[in-house]
Structure formats: C-alpha cells, structure tokens
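Spelled out, the chains give:
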Amino acid sequence: MGFPKLLSPNKIESLEPMGTNYANQDGSVSQRLIDYHVAKAKGGFGFVIIEATAVDPCGKTIANQLGLWSNEHIAGVKKIVDECHKYGSKVSVQLCHAGRETNALITDIHLVSSSATPSPKCLEIPSELTTEEVYGIIQKFVDAARRCWDASVDAVEVHAAYGYLIDQFLSSRMNKRVDEFGGNLENRMRFLLLIIQGIRQQVDNAYPIIVRISDEEGSSGGFSITEISTIVRHLEDAGVNAILVSTRPGYLAYLAEKIKKSVKIPVIIKFLLLPLADTLNLISQRIFGRLARRIWSN
Ligand SMILES: Cc1cc2nc3c(=O)[nH]c(=O)nc-3n(C[C@H](O)[C@H](O)[C@H](O)COP(=O)(O)O)c2cc1C
C-alpha cells in the first residue's frame with residue numbers, strides 16, 4: 001500500500017478529529033458528513049480521520065454521532081472512503097464508546113460503565129456492566145472494526161482516552177470491579193487487549209490499528225508513566241501499529257519520548273508548532289505529530 005500524499009513536504013497532511021454532529025440520528029452517514037470529509041481530501045490532506053464513531057448507541061457522546069453498530073452503516077461510510085480515495089487520501093475511523101462520559105438524553109438508554117460511579121462532568125450514575133455485558137461490548141468494538149474493513153477504511157483508531165469506556169476500565173480510580181476486568185493492571189487492561197486481539201483476528205495482519213491513550217494526567221486522572229509503558233508494550237504485542245498519546249495542551253513531547261522507549265511502533269502526539277530541530281529530533285525517534293486547532297493560534 002503506497003502513501004504518496006502522506007510524505008510530501010510543506011503540507012498539512014492530517015488534522016485531529018472533530019466530532020461534527022453531522023450524521024443522521026440513527027448513526028448513518030448524511031450528505032453533509034460526506035461533504036465535510038471529502039472537502040479535506042479535495043483540499044489535499046493525505047489522511048482523513050473520521051471522528052469518534054459509536055460502536056453502540058449507548059456509547060454516543062452527541063445526538064447526531066456517526067455510528068458503526070449496524071451493518072446498515074457500512075454503505076454510508078464506504079461512500080466517504082470511496083470519495084476520499086478518488087483524491088488519493090487514506091481514511092481512518094475512530095471507534096468509541098463513551099461509557100459514563102455522556103448523558104441519557106443523548107443515548108436514550110441508561111448509561112453503563114466499568115463501575116457504578118458517576119463522571120464528575122456528567123453526574124449520572126451508570127450501571128456497572130455485568131461480566132457477560134463486558135464481553136458483549138468487546139464484540140461490538142470488533143464488529144465495528146470489521147465493518148470499517150468492509151467499508152474499505154484504511155485504518156482504525158480505538159479510542160481508549162478522554163475518560164471514555166476503555167479508560168473507565170484502565171483507570172484504577174474509575175474501575176472498582178472484582179471480576180477478571182478489575183483489580184490489578186493486568187485485569188484492567190483485559191478489556192482493551194481483548195478488543196485489539198478480536199479486531200486483529202477479523203482483519204488482515206497488515207491492517208493498521210492505532211490506539212489513542214490518555215497521558216499520565218489525562219481525563220482518567222491517573223496513570224503513572226510506568227503503567228502507560230506497560231499498557232503500550234502489551235498493545236504492541238497484541239498487534240497494534242501505532243500509539244497516539246492524547247496529551248493535555250502543552251509541550252509534552254517528553255512524555256511521548258518516554259513512552260517510545262517501551263515500544264518499537266510509532267508514537268503519535270498532538271502536535272503544536274515546535275522549533276524545527278525539536279520536530280526533526282522527534283521524527284528521528286519515530287514520534288509523529290497530528291495538528292489540532294491550536295496550530296491556528298500559534
Ligand atoms: C468540537 C470538538 C470535537 C472533538 N471531537 C473529537 C473526536 O471526535 N475525537 C477525538 O479524539 N478528539 C476530538 N476532539 C479533540 C480534538 O481533536 C483535539 O485533540 C483537541 O481539541 C485538542 O486540540 P486543541 O487544543 O487544538 O483544541 C474534539 C475537540 C473539539 C473541540
């Protein structure tokens with residue numbers, strides 16, 4: 001697979017994803033959403049990232065969020081991908097479940113989480129998922145990834161950051177479970193690792209899987225760098241192709257450098273404009289950047 005547009009000089013190749021609320025209420029693709037993403041491909045982006053996409057209506061963060069919980073969603077996503085491909089752009093989709101980090105007015109269903117503790121932001125008390133339900137949600141992530149594959153999407157990004165459901169399992173502050181998904185880090189990682197292993201079984205060995213993970217003080221409020229290093233090592237062993245560290249605003253390249261020491265796969269950070277020497281130093285370590293809105297204010 002060639003990526004001729006990704007490596008051309010002096011160009012912005014990709015922007016951080018932004019939830020648009022442009023999908024239809026049933027999670028299907030609207031013409032407005034197609035136009036929005038295709039405009040980026042037309043404009044010359046080498047990599048178009050389709051924003052957080054719900055694997056289950058219960059995990060929606062916004063009312064008109066794109067969904068991939070049904071085979072009926074495949075055709076619409078394929079339209080976006082086929083159009084972007086015409087302009088030589090590659091396309092990825094972020095797979096996401098918000099868990100407790102949303103609102104029942106949006107989901108229309110009672111919220112769920114690793115444990116029955118409310119998010120300080122959203123306040124609603126979620127139901128603790130039964131062990132069987134946890135396996136059910138793992139399957140929903142795997143099925144959604146399979147639908148991406150069917151829609152010719154070029155890569156999937158599993159959203160394990162922002163205090164969303166996967167983060168709610170990873171973080172000892174949020175996860176109070178006593179089954180095989182709670183307790184020590186090995187158990188807390190199980191949810192994410194089973195998702196990755198399940199996806200890898202469904203798609204080609206070469207199919208890129210990216211994981212977006214919180215930084216040490218991310219919304220989960222509490223991984224140590226040692227814990228993050230252990231998690232990313234396991235992700236690499238499970239077949240993940242790149243890690244995106246979802247940092248707070250600020251120059252956190254030092255964190256990416258620390259994480260990079262634990263893995264051979266590329267590490268991506270949200271990029272601020274750095275002095276050229278720093279940028280080249282990061283790239284030489286296979287640490288890459290994605291531009292977010294902040295570029296415009298720099
Ligand atoms: C309206 C809005 C929607 C966003 N949607 C997503 C999303 O779907 N997935 C995601 O990973 N990040 C999302 N983000 C986070 C941005 O991609 C970006 O990482 C964040 O805004 C930090 O960059 P900034 O400081 O330049 O805003 C969103 C941010 C905003 C403001």
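The name an unreviewed UniProt entry assigns to the protein is NADH:flavin oxidoreductase/NADH oxidase, from the organism Pelosinus fermentans B4.

Trainee: Which parts of the structure should I look at to understand unusual backbone geometry?
Mentor: Excluding glycine, residues mostly have negative phi values, and the peptide bonds linking residues are mostly trans. Despite not being glycine, Asp108 shows a phi value in the positive range, around 70°. Among the structural elements, Asp108 can be located in the loop between helix H3 (104-107) and strand S3 (112-113). A positive phi angle, close to 60°, is found at Tyr162, a residue other than glycine. For Tyr162, the location among the structural elements is in the loop between strand S5 (155-160) and helix H5 (165-170). Classification of Tyr162 by C-beta neighbours within 10 Å gives partly exposed; the count is 18.

Trainee: In this structure, what is going on with helix H6 (residues 185-202)? I would like to understand it.
Mentor: An α-helix turns once per 3.6 residues; consequently, residues spaced three or four apart project the same way. Across its 18 residues, H6 extends 26 Å between first and last C-alpha, which sits within 8% of the 26 Å expected from 1.5 Å per residue. Of all the bends found along H6, the most pronounced is centred on Phe191 and spans about 40°. For H6, the complete set of buried residues consists of Arg188, Met189, Phe191, Leu192, Ile195, Ile196 and Ile199. Elements in contact with the buried residues of H6: helix H4 (131-150), S5, H5, strand S6 (209-214) and helix H7 (225-237).

Trainee: Whenever I open this one, the packing of H6 against H7 confuses me. Can you help?
Mentor: Between two packed helices, what matters for the description is the angle formed by their axes and the separation of those axes. The N-to-C vectors of H6 and H7 enclose an angle of 35°; their axes lie 10 Å apart at closest approach. Handedness of the crossing formed by H6 with H7: right-handed. Residues Leu185, Met189, Leu193 and Ile196 of H6 lie in contact with H7, whose contacting residues are Glu227, Thr230, Ile231, His234 and Leu235. Tallied by class, residues from the contact of H6 with H7 come to six nonpolar, two polar and one charged.

Trainee: For this particular structure, what's the right way to read the pairing of S5?
Mentor: Residues in a regular strand project their side chains so that they alternate between the two faces of the sheet. Counting buried positions over the six residues of S5 gives five, a clear majority of the element. As paired strands, S5 and S6 are joined by five bridges and run parallel to one another. Looking at the pairing, Ala160 lines up with Ile213 of S6.

Trainee: Would you explain the pairing of strand S1 (residues 47-54) in this entry?
Mentor: Of all eight residues in S1, eight are buried, a share of seventy percent or more. Looking at chain direction, S1 and strand S2 (residues 90-96) are connected through seven bridges and run parallel. Looking across to S2, one finds that Val48 is bridged to Val91.

Trainee: Quick question: what am I supposed to make of the confidence of the model for the protein here?
Mentor: Low-pLDDT stretches of the model should not have their predicted coordinates read in fine detail. Taken residue by residue, the protein gives an average pLDDT of 87. The fraction at 70 or more is 82%. In the model, residues 292-298 has pLDDT below 50 throughout and makes seven contacts with residues more than four positions away in sequence or in other chains.

Trainee: Even after reading the chapter, I still don't get the nonpolar core, so can you show me in this structure?
Mentor: It is characteristic of soluble globular proteins that their nonpolar side chains tend to be buried jointly. Ranked by internal contacts, the top residues of the largest apolar core, which has 76 residues, are Leu95, Phe141 and Ile243. Setting aside chain neighbours within four positions, we find Phe141 in contact with Val55, Leu95, Val158, Ile195 and Ile199.

Conventions we followed
- Each chain has its residues counted from 1, following the order in which its sequence is written.
- Residue-level local features of this predicted model are given only where pLDDT is at least 70; pairs of side-chain atoms are given and counted only at 80 or more, and the full residue set underlies all totals for whole chains, interfaces and linings.
- Helical segments are the DSSP runs of H or I of at least four residues, strand segments are the runs of E of at least two, and each set is numbered from the N terminus.
- With C-beta atoms placed from the backbone, a residue is labelled by how many other C-beta atoms lie within 10 Å of its own: buried for 20 or more, exposed for 12 or fewer, partly exposed between the two.
- A helix is expected to reach a length of 1.5 Å times the quantity of its residues less one.
- In this scheme, the bend at a residue equals the angle between the axes fitted to the seven residues that finish there and the seven that begin there.
- Each residue is represented by a C-beta atom placed from its backbone, and any two residues with such atoms within 7 Å are regarded as in contact.
- Each axis is a line fitted through C-alpha atoms, and for a helix only the stretch in contact is used; angles between axes span 0 to 180 degrees, taken between their N-to-C directions.
- Put simply, a crossing is left-handed when the front helix is turned counterclockwise from the back one by less than a right angle, and right-handed when it is turned clockwise.
- Each residue gets one of three labels, nonpolar for Ala, Val, Leu, Ile, Met, Phe, Trp, Tyr, Cys and Pro, charged for Asp, Glu, Lys and Arg, and polar for the others, Gly among them.
- We treat two strands as partners when DSSP finds at least two bridges between them.
- One confidence number per residue, pLDDT, is output by the predictor and ranges from 0 to 100.
- To count as a nonpolar core, a set of buried Ala, Val, Leu, Ile, Met, Phe, Trp, Tyr and Cys residues must be joined through C-beta atoms within 7 Å.

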